[in-house]
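Overview (structure and organization)
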Amino acid sequence: MTASLALISDYATRVVEYAITPAPGASVAHLPRRIVPLAVTGFRLTYISRRGSPWTLQLVTCLGNHAADGQTAGARRGQADHYPGHASTGRPAWLNELMATAADPDAPLPRTLAGFTRTEDGAHRFIACEVSGDAEIPQWHPLNGTTPDPLRPDRVRFTFRAEHGVWRLGAVHFQGPWVATGQQPGPDRKRGAKPYYPTSGGGSLRRAPSWVLDLVARHALPPELAAP
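Residues numbered from 1 in each chain as written. Predicted model: local features only at pLDDT ≥ 70, side-chain atom pairs only at ≥ 80, totals over all residues. Heavy atoms only, no water.

**Describing the overall build of the protein chain**
Helix and strand counts for the protein chain stand at two helices and eleven strands. From first element to last, N terminus to C terminus, the protein chain shows the α and β order β-β-β-β-β-α-β-β-β-β-β-β-α. By residue count, 39% of the 228 residues in the protein chain fall in the buried class. Of the accessible surface of the protein chain, which amounts to about 12,800 Å², a share of 53% is contributed by carbon and sulfur atoms. (Helix = DSSP H or I, 4+ residues; strand = E, 2+ residues; numbered from the N terminus. Buried < 20%, exposed > 50% of the residue type's maximum accessible area, 1.4 Å probe, protein only. Areas by Shrake-Rupley, 256 points an atom, 1.4 Å probe, with all protein chains shown as cover.)

Pasting the structure below:
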């Protein structure tokens, strides 16, 4: 059985969070707000990648407490979203510097105002492909054994997850019509799906055909993104 893949889409997101430790004697970074300023105690950086492009900083979310200038304690938590693609008018200089440096998620951040501790670094990547060929997946029924019409995949989606830069293949999801072996699918064939979870430890690959095992092995890691 053969299965050839053609890329349909490749989309990834990455979220990096930092906590801020103010330097001794340094003032706390504040963002002006409509009523009470936001004393920034951390921030979240959101990146995206399309079709293997380098990470692009989409959003900077400043986290903190609403408090008067020079103070960190406040009555309630708050956040403020800033988009690097928007005009920098009205943003504090320290925030513009942060955005410029954080354009590369792996670059060290400036320490002019405070110390930064990375508390979270997680990513997801979704790669969808068209499947062509005669490869099929027998469907197993607990009472009747294999079903008469196997699944003939024409789409597959790989879901990858990463924590602190370590990637793993979380799921492989096939879709396609139910077609008898040796037959061609008609336009009115019912469609189905078959997911596999290679790293879940639940044995979902136990009855997988050899071509699926080979595909999973060859896609255990996502392709490298382009360099910034």
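**Considering the nonpolar core**
Counting 25 residues, the largest nonpolar core has L31, F43, L45, W94 and L95 as its most contacted members. Among the secondary structure elements, those contributing two or more residues to this core are strand 1 (4-22), strand 3 (38-50), strand 4 (56-66), helix 1 (93-101) and strand 6 (114-132). Core analysis: the next-biggest nonpolar cluster, separate from the first, contains 18 residues, A135, F158, V212 and V216 among them. (Core = buried A, V, L, I, M, F, W, Y, C linked by side-chain atoms within 4.5 Å.)

**Some points on the environment of Y197**
Inspection of the secondary structure puts Y197 in the loop between strand 11 (191-196) and helix 2 (210-218). In this structure, the C-alpha to C-alpha distance between Y197 and H173, residues 24 residues apart in sequence, is 8.6 Å. Setting aside its immediate chain neighbours within four residues, Y197 contacts G170, A171 and S204. (Contact = heavy atoms within 4.5 Å.)

**Some remarks on unusual backbone geometry**
Even without being glycine, R51 reaches a positive phi, approximately 50°. Unlike most non-glycine residues, H164 shows phi in positive territory, near 50°. As for its position among the elements, H164 is in the loop between strand 9 (155-163) and strand 10 (166-177).

**Notes on the packing of aromatic side chains**
The final tally for this structure, using the stated rule, is six aromatic pairs. Ring centres of Y18 and F116 lie 6.4 Å apart, and the angle between their planes is 80°; on these two criteria the pair is classed as edge-to-face. Note that Y18 is positioned in strand 1 and F116 in strand 6, a separation of 98 residues in sequence. Exposure remark for Y18: the relative accessible area of 9% places this residue in the buried category. (Phe/Tyr/Trp six-rings, centres within 6.5 Å; stacked < 30°, edge-to-face > 60°.)

**Regarding the side chain of T46**
Considering the arrangement of structural elements, one finds T46 in strand 3. The contacts of T46, once residues within four sequence positions are left out, are R14, V15, T56, L57, Q58 and L59.

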